[in-house]
Amino acid sequence: MTRIVYDFGQLSSTPAQTFWDIGSKTDPNYDDFGYKFTVPDYQNFNLAITNVVGDVALDLYRYDINGNINYLGTSDSSNNHDESFNVFSQPETNETNQYLAVVRNHKTTDSTFNFYASATRHDQPSNLLPIESNLGTVDQTHPVSMQVRGGLGDSGTAVVYSFHLNQTSNLNLFLEQGNPAVVGAGDCDVIIGQDINHDRIIRDSNVTKDTDPNSEVLARSQNVGNANETITKTLPAGDYFVEVYQFSGNTDPTLHLSVS
Ligand SMILES: [Ca+2]
Ligand SMILES: [Ca+2]
Ligand SMILES: [Ca+2]
């Protein structure tokens with residue numbers, strides 16, 4: 001096994017994108033694909049693997065000041081589901097802002113996938129749209145009420161959900177912040193949007209469509225501190241996303257979606 005490493009250089013808010021075909025793991029010439037990148041100080045980096053045929057895993061490593069890599073974690077959803085990381089990058093002693101993401105193939109056949117990487121402001125949403133959880137159709141008999149997976153903090157700065165409306169609906173989003181005594185007095189915010197051009201990237205993610213017609217963000221709620229977030233919006237039938245993201249600190253919010 002060899003590892004082919006591509007150097008992405010410094011990430012920016014314009015996502016780097018690649019499409020790859022990774023050989024069977026039983027192939028004697030099997031290669032892992034490594035992506036080396038640096039992140040501007042005090043920004044988040046976002047990695048997404050989408051459109052998987054087969055099944056891949058994504059390992060994340062960080063370089064120390066001596067050029068050694070230290071393992072940080074693995075994203076490995078089942079089957080052909082998407083993989084992702086959203087991490088706040090602030091080097092501690094002996095650490096750098098340089099990382100290595102490695103894609104492995106689980107299958108004895110080739111796997112293909114798209115890989116995306118971006119850096120975004122630490123208090124703003126990720127602009128990538130891996131489908132981490134598909135909530136299905138939300139209607140009057142199928143509201144959603146669920147704890148945001150893993151909570152939010154520096155090692156997981158964003159969680160993306162997709163959902164569908166089968167008719168014009170008054171959507172009510174309520175994001176209940178966790179108990180600050182339990183998870184710390186953090187602050188998270190939320191956006192609802194639509195990937196109009198289906199490229200798995202949120203165009204103009206820092207603003208909303210109200211102020212910039214190009215933005216794929218339809219509404220957002222960004223109350224201060226531990227206040228809950230609410231969005232009420234009339235939306236036509238279609239596919240939408242919700243992204244819950246860290247503004248600061250740790251939170252353990254619960255997402256409620258209903259229509260009226
Ligand atoms: Ca997987
Ligand atoms: Ca888009
Ligand atoms: Ca907030």
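All values derive from a computational prediction rather than experimental measurement. (Residues numbered from 1 in each chain as written. Chains lettered and ligands numbered in written order. Predicted model: local features only at pLDDT ≥ 70, side-chain atom pairs only at ≥ 80, totals over all residues.)

As a further point, take the domain arrangement of the protein chain. Once the domains are mapped, the protein chain shows domain 1 (2–121) and domain 2 (133–259). Using C-alpha coordinates to define each centre, domain 1 is positioned 25 Å away from domain 2. If you look at the interface, domain 1 gives eight residues, while domain 2 gives seven residues. Every element with two or more residues in the side of domain 1 that touches domain 2 is listed here: strand 4 (43–53) and strand 7 (83–89). Taken together, the residues of the side of domain 1 that touches domain 2 sort by class into five nonpolar, three polar and no charged. (Domains from an automatic or database assignment. Contact = placed C-beta atoms within 7 Å. Helix = DSSP H or I, 4+ residues; strand = E, 2+ residues; numbered from the N terminus. Nonpolar A, V, L, I, M, F, W, Y, C, P; charged D, E, K, R; others polar.)

The next subject is the sheet that holds strand 3 (residues 31–38). In space, the five strands of this open sheet follow the order 1-3-8-5-6, with mixed pairing throughout. For this open sheet the edge positions go to strand 1 (2–10) and strand 6 (69–75), each flanked by a neighbour on one side alone. Going from strand to strand, the sheet's axes swing by 25° on average, the running direction of each strand aside. Relative to strand 3, strand 1 runs parallel, the two being bridged by eight bridges. (Pairing = 2+ DSSP bridges. Axes fitted to C-alpha atoms, helices over the stretch in contact; angles between N-to-C directions.)

Moving on, we get to the environment of D31. You can see D31 is positioned in strand 3. Residue D31 is classed as partly exposed on the basis of its 15 C-beta neighbours within 10 Å. A C-alpha to C-alpha distance of 5.6 Å links D31 and M1, two positions 30 residues apart in sequence. Excluding residues within four positions of it along the chain, D31 makes contact with T2, R3, I4 and G23. (Buried ≥ 20, exposed ≤ 12 C-beta atoms within 10 Å, placed from the backbone.)

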